[in-house]
Amino acid sequence: MMLRRLRIEHFRGIERADWKIDRRLVALVGAGDSTKTTLLDAIGLVLSPSYNPQFTDADFYNFDLASEIVIEAVVTELPDNLVKESQLGKDRSGLMPDGKLVHDPVDDAEECLVVRLTVTPDLDPIWEVIRPQSDDARPISASQRRQLGFFRLGERPDFHFRWARGSALSGLTAGGDGASSVILDAHRDARTAVFKAEPNALHQAAAAAQESASTFGAASFGELRPGLEPGSSTSTHALLLHDGEVPLSSLGLGTRRLTSLAIQDKSMKDGSIIAIDEIEHGLEPHRLAQALHRLRQRTQADKLQIIMTTHSPVAVTALSAVDIEVVHADGAGSTSCRSVPDDLDNVQGALRSAPDALLGRRVMVMEGATEVGVLRALLRHWDEQRLSAGMDSSVATGAVLVDGGGGAQSLQRARNFQCLGYLTCALLDNDDRGIDPRVTSTEAAGVAVHRWSEGCNIEHEIVRVLPLAGVQEVVDLAVEFRGEQSVVAAVAAKLDGAGLTGTQVATWLQQALGDECALRSAIADAAVVKKKEWFKRQDRGEELAGVVIAHWAELADTHVMSVFEGLRDFAYPDAATSGAADYVVPSSDE
Amino acid sequence: MNDDPCIEDAVAAVLAVQPCSVTLPAGAGKTELIAASVAEAVHRGGTSLVLTHTHAGVDALRRRMKKFGVMRDRFVVRTIDSWSYDLIAHFPDLAGLAVPTIPDWTRSTEYHLAAARAAGTPAVAKMLRLSYTNLFVDEYHDCVLDQHNLVLSLSGSIPTTVLGDPLQSLLTFGETPPVDWDSDVLPNFPEVVVDHRPRRWEPDHAELGQWLVDIRTELTDGMPISFSGTPVRWVRKSDDRTFVSECMKALGQEGTIAVLGRFRHDCVSAASKLSGRYTVMEALDEKATLAFAAKVDTGSGAAVAHAVVEFAAKCSVGIPTHISSAKRKRLLNGLSFVTRDEDLKPTYEAVVRVREQPTPTTVRTAFELLGDLQGVSIHCREAWNEVSRSLAAAAADGCTVTEALHLARSHTRAAGRQAAARVVSRPLLVKGLEYDHVIILDPTAYGAQELYVALTRGSKSVTVISDSSTLPVARMQAHKKSPTRG
């Protein structure tokens, strides 16, 4: 079975969504309220084998009971039994290679069933198989829906390793009913054991009861004694898998979830559609990676489809770009799912380098580690200011920093994120004319590109405009990171070998014959000497930002300020423009 | 499952080689063989599709399945037409035909072609393969060529057995001829020969049963049939009313009776002489009724009023004594239409109201009053009821009488008709049906197949009225240009 399309109207946070799927392994990622889990819930309900899942007014979009909830699923690779004429064989439709649905399963199309769940305002669910381009509809029963093989991991994590009625483990048991006789035999043995027990306090109590009963003339008992009620139990729920002496129910959550998944997978012979909410739940990174690896193998081998959500950077890293669907809710009820296009250059690199960016909403692609550090510290600083003013922090606005890897690569990554529907900005050096054309095209794709002054990188831009006290603090940090000797030698080298002593900028200025401009240049150049960079680490970038923050007021009206303010405005959209503005319609040139 | 070694062998033979055809005489247990084969197929883990022609046939097959205790979800019994319509209604693109919600059976040929087309597509072939292990088609001699092509298409996906009897193959005037057994059936469905005996006449009328088997050779080979010294009761035709006394005498017997003529008009004429004791059986597409409905829908007041009286008169005996032909002419010509007889006045007034205001409601009132007149006996009861119900439906639903009539006929097709116990009918309408007693009015009018069908309808007695106890040779009716018959 394979879910090929999901259409939703008016369900919970989704006023409308239309998602086309052509993958067997699908990982839904997106920001916290992007309605990923609602998508899984919708799949679960339309394919539910349950007779009467409970609906409430809260399941209606905006609590608006004027419209019905409609969830429509297109399922291919149908089980043989459903194709029979007596089942739904005459209710099949066709799915064309271009994704269009047609009324009949014509030769060029894949046969499919279009299952529609409608929930009326009086909360009655109706399941039907419908045919496109017509009013044809006929009911699909719960047992027919069961054959579509949908299950959701984690709804009852312990249920499937018990021999309970309808559990996957019972399904795996040949003959189906071995568990009942085991339970009954166990009951009988226990009953015998109680009868055979050595005389104890229970027997004395029984004797007392018998004596008293005889004085009342209740009955003439032979011998009253303690005994176990005969086992009437047809419930085999208490019978479950053990590892040695240990019941599986007492193991860790991750183990139980994976075991449950493994048993269910094994029991579905005709294929199935498995939904997993937060695959990483309860798993350490290595087991998560192993589980994903196994799931991919299974989806390649069999009629199996797995649709999961994840918030885990580890999972994103372990997946292929094509496995990932980015979910966006536009805040006005429309949810879209964008699969990562497999012809997009370098996508894999973009995702691997910044897995958490996929979990955010506003992606800020930085030139390199220094810029990531500086911006992290600035965001923290702005967050504090805003929180004390009762405004959203960058966590709430979903701003995420990404190391772009420099130059052209940063531009490519920024563009990739923009194409996936993320609002994206980039911060670039301005010392390589070769990338100027690509800057223009990236801006045309919708990315807000920020650059330093011509010829500058961040160290230049900052050292250029800081007051001397600030420059001193920069040098002090460099000495702390690199040692006095290294720093002094590097600066001196950039001053044509002028003799410098100590680490006081004021002294250096005298020794540089008062040429402040040349000294600032030398310091900035020294900061970026290959292999001896002062700040090319995120933590050091953060320290550098501390200097900027300390001299904030003095930097007013400089280009560095306008760049930082531009980035700040990106990270914290005004309340008035948040919502719809958080979502980009990806450009069509992808 | 059953203690009949004969049928067990037949079942084994039928299931051993498929596709195949089986020829069985009337009353030799064809339905029984199908049910037993389906039961055995189920026993082997299979599921069967059984197709036949009439709803009466569907009922009979379902009842027999029940007798054999076949699980309901392991077989499907449908008419070829309804099954085809159902298929193409679901798959208009595969069938290349869009059909209305209510089937239009005048287009049945198109339906069969479309169904055959759909059955050949991979999607439907897959459904058939997954759904059924066996296909049985009953009364195969009644299949027209396009139905035969549909079955051929189905047999590409399901192992198929067709059952029938070329000697019961009747030509319906003006319609597509049925399959030719030698040139159409046998090359595609090789014959499997099974043992059989005339079960329908056992145990009390075995002699009649055997005689009916024996005459098959004479009929096929064009030899004359003689009734002397046979289990058939032969009555010399002394005059045109010989049959009246025979039919009236027969009323004293228990059970159902079919009096068999050849055409509708001679059946109606015979029934009119039998004082309404026998009902004329009508074809499901009888045109006289349709023509009347069309007249009510479109005619002027005078024409409708005249048609109502004429139609009522044709369905019954006795109306002309109350409304003379001169008066009927005055009705048509718009002249005054009155009577002095107080008992007749309500009827006359109702007819005049039709002339003033021809609606289904006024027509129905007049029609019912005509039927209730003193001394009137209705022998075309089926036609009468059909018209009466259609008028009521048209009045209630605001549709035309023709529409109501079509709807009623569709319903009858689906639900099956209520067979009267004593009918005047024709071989074409009673084929596949069974009566206790049969009276044949004029056997010399029949071709060989009609004669065989007529003779084999009675399970207790067969009465033949003719000039001589030996009939002239009855020719096999060749339905096609086939040179082998005739």
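Residues numbered from 1 in each chain as written. Chains lettered and ligands numbered in written order. Predicted model: local features only at pLDDT ≥ 70, side-chain atom pairs only at ≥ 80, totals over all residues. Heavy atoms only, no water.

Asker: Looking at this model, I keep getting lost on the overall build of chain B. Mind explaining?
Answerer: Each helix and strand in chain B was counted, giving 22 helices and 13 strands. What you see for chain B is a C-alpha radius of gyration of 25 Å, in line with the 23 Å of a compact globule of 486 residues. Overall size of chain B, expressed as C-alpha extent along the three principal axes, is 75 × 60 × 45 Å. Here chain B holds 486 residues, and 53% of them are scored as buried. Taking all contacts inside chain B whose residues are at least 6 apart in sequence as the whole, residues at least 24 apart take part in 74%. Within the structure as shown, chain B displays about 21,200 Å² of accessible surface, and the carbon and sulfur contribution to it stands at 51%. The average position of the 53 basic charges and that of the 56 acidic charges among the side chains of chain B differ by 5 Å. (Helix = DSSP H or I, 4+ residues; strand = E, 2+ residues; numbered from the N terminus. Rg over C-alpha atoms; globule rule 2.2 N^0.38 Å. Buried < 20%, exposed > 50% of the residue type's maximum accessible area, 1.4 Å probe, protein only. Contact = heavy atoms within 4.5 Å. Areas by Shrake-Rupley, 256 points an atom, 1.4 Å probe, with all protein chains shown as cover. Lys, Arg positive; Asp, Glu negative; His and termini not counted. Charge placed at Lys NZ, Arg CZ, Asp CG, Glu CD.)

Asker: Help me out: how do you make sense of the overall build of chain A in this one?
Answerer: From N to C terminus, chain A includes 21 helices and 20 strands. Over its C-alpha trace chain A gives a radius of gyration of 33 Å, far above what one expects of a compact globule, namely 25 Å for 590 residues. Out of the 590 residues in chain A, the part that is buried amounts to 51%. Intrachain contacts of chain A at a sequence separation of at least 6 include 71% that bridge at least 24 residues.

Asker: Help me understand the packing of aromatic side chains, please; the structure alone is not making it clear to me.
Answerer: Ring pairs (aromatic) are described by centroid distance and by the angle formed between their planes. Enumeration over the complete set of coordinates arrives at 17 aromatic pairs over all chains. Measuring from ring centre to ring centre gives 4.5 Å for Phe292 of chain B and Phe311 of chain B, while their planes differ by 10°; the resulting arrangement is stacked. Of this pair, Phe292 of chain B sits in helix α13 (residues 287–298) while Phe311 of chain B sits in helix α14 (residues 301–314), placing them 19 residues apart in sequence. Each member of the pair, Phe292 of chain B as well as Phe311 of chain B, carries the same accessibility label: buried. The structure contains a cluster of three or more aromatic residues connected by ring pairs, namely Phe292, Phe311, Phe367 and Trp384 of chain B. Seen from the ring of Trp127 of chain A, Arg145 of chain A lies directly overhead, with NZ or CZ sitting 3.7 Å from the centre. One Lys or Arg, Arg225 of chain A, reaches over the ring of Phe195 of chain A and ends 3.8 Å from the middle of that ring. (Phe/Tyr/Trp six-rings, centres within 6.5 Å; stacked < 30°, edge-to-face > 60°. Lys NZ or Arg CZ within 6 Å of the ring centre and 35° of its normal.)

Asker: Help me out: how do you make sense of the sheet that holds strand β2 (residues 48–52) of chain B in this one?
Answerer: The strands making up a sheet associate through hydrogen bonds between their backbones, and the pairing can be parallel or antiparallel. All names here are of chain B. If you trace the 5 strands from one edge of the open sheet to the other, you get β1-β5-β4-β2-β3, paired in parallel fashion. Looking at the sheet topology across the chains shown, the edges are occupied by β1 (20–23) and β3 (75–79). Between one strand axis and the next, the sheet turns through 15° on average, direction left out of account. By the bridge criterion, 4 bridges tie β1 to strand β5 (residues 160–164) in an arrangement that is parallel. By the bridge assignment, Thr23 is partnered in β5 with Gly164. (Pairing = 2+ DSSP bridges. Axes fitted to C-alpha atoms, helices over the stretch in contact; angles between N-to-C directions.)

Asker: Help me out: how do you make sense of the state of the cysteines in this one?
Answerer: Two cysteines form a disulfide when their sulfur atoms are joined by a covalent bond. Residues and elements named next belong to chain A. Under the definition given, this model contains 0 disulfides over all chains. No disulfide involves Cys112; its nearest neighbouring cysteine sulfur is the one of Cys337, lying 19 Å away. For the unlinked cysteine Cys425, the closest cysteine sulfur is that of Cys419, found at 16 Å. (Disulfide = S-S within 2.5 Å.)

Asker: Explanation requested: the environment of Ala307 of chain B in the structure shown.
Answerer: Residue and element names in this part refer to chain B. In this structure, Ala307 sits in helix α14. With relative accessibility at 13%, the residue Ala307 sits in the buried group. For the pair formed by Ala307 and Gln147, sequence separation is 160 residues and the distance between their alpha carbons is 38 Å.

Asker: Before we go on, may I ask you to explain the interface of chain B and chain A in this structure?
Answerer: The extent of an interface is frequently quoted as the accessible surface area lost upon association of the parts. Across the contact, 17 residues belong to chain B and 15 residues belong to chain A. Looking at the side of chain B facing chain A, the largest losses of area belong to His90, Met127 and Leu130 of chain B, adding up to 35% of the total buried there. Applying the counting criterion to the chain B and chain A interface returns 2 salt bridges. Note that Lys126 of chain B and Glu111 of chain A form a salt bridge whose closest N and O atoms lie 2.4 Å from each other. Here chain B is connected to chain A by 9 residue pairs in polar contact (both at pLDDT 80 or more). Of the residues forming the side of chain B that touches chain A, the biggest block, 7 residues, is contributed by helix α7 (residues 122–131) of chain B. (Buried area = accessible area lost by both parts, 1.4 Å probe. Salt bridge = Lys/Arg side-chain N within 4 Å of Asp/Glu carboxyl O. Polar contact = N/O pair within 3.5 Å; in protein donor to acceptor, adjacent residues only side chain to side chain.)

Asker: Would you mind going over the side chain of Glu85 of chain A with me for this structure?
Answerer: Note that Glu85 of chain A resides in the loop between α2 (80–83) and β5 (93–95). Side chain to side chain, Glu85 of chain A and Lys90 of chain A meet in a polar contact 2.8 Å long. There is a polar contact of 2.4 Å between the side chain of Glu85 of chain A and the side chain of Tyr132 of chain B. With residues up to four places along the chain from it excluded, the contact list for Glu85 of chain A reads Lys90 of chain A together with Trp83, Met127, Ser131 and Tyr132 of chain B.

Asker: Hey, could you run me through the nonpolar core in this one?
Answerer: If you look at soluble globular proteins, the nonpolar side chains tend to sit buried side by side. The biggest cluster of nonpolar side chains holds 78 residues, and the ones touching the most others in it are Ile71 of chain A together with Tyr140 of chain B. When residues no more than four places from it in sequence are discounted, the contact partners of Tyr140 of chain B are His148, Val151, Val162, Leu163, Gly164, Val179, Trp181, Val185 and Phe189 of chain B. Within the second largest apolar cluster, 58 residues are counted, among which are Met364, Met366, Ala524 and Trp534 of chain A. (Core = buried A, V, L, I, M, F, W, Y, C linked by side-chain atoms within 4.5 Å.)

Asker: Explain the pattern of salt bridges here, please?
Answerer: Where charged atoms from two side chains of opposite charge approach closely, those side chains can pair. Residues and elements named next belong to chain A. Inspection of the entire model under this criterion finds 49 salt bridges over all chains. Here Glu72 ties to Arg7 by a salt bridge, and the two come within 3.0 Å at their closest N and O atoms. Taken together, the positions of Glu72 in strand β4 (residues 69–76) and Arg7 in strand β1 (residues 2–11) put the pair 65 residues apart, joining distant regions of the chain. For Arg7, a relative accessible area of 22% puts it in the partly exposed group.

Asker: What is the right way to look at helix α16 (residues 468–482) of chain A in this model?
Answerer: All names here are of chain A. Helix length check: α16 (15 residues) gives 20 Å between terminal C-alpha atoms against 21 Å at 1.5 Å per residue, within 8%. Looking only at α16, the buried set comprises Gly470, Val471, Gln472, Val474, Val475, Leu477, Ala478 and Phe481. In this fold, the buried residues of α16 make contact with α15 (458–465), α17 (484–494), α18 (505–511), α19 (516–527) and α20 (538–550). Just past α16, the residue Gly483 takes up positive phi, approximately 90°. (Expected span 1.5 Å × (residues − 1).)

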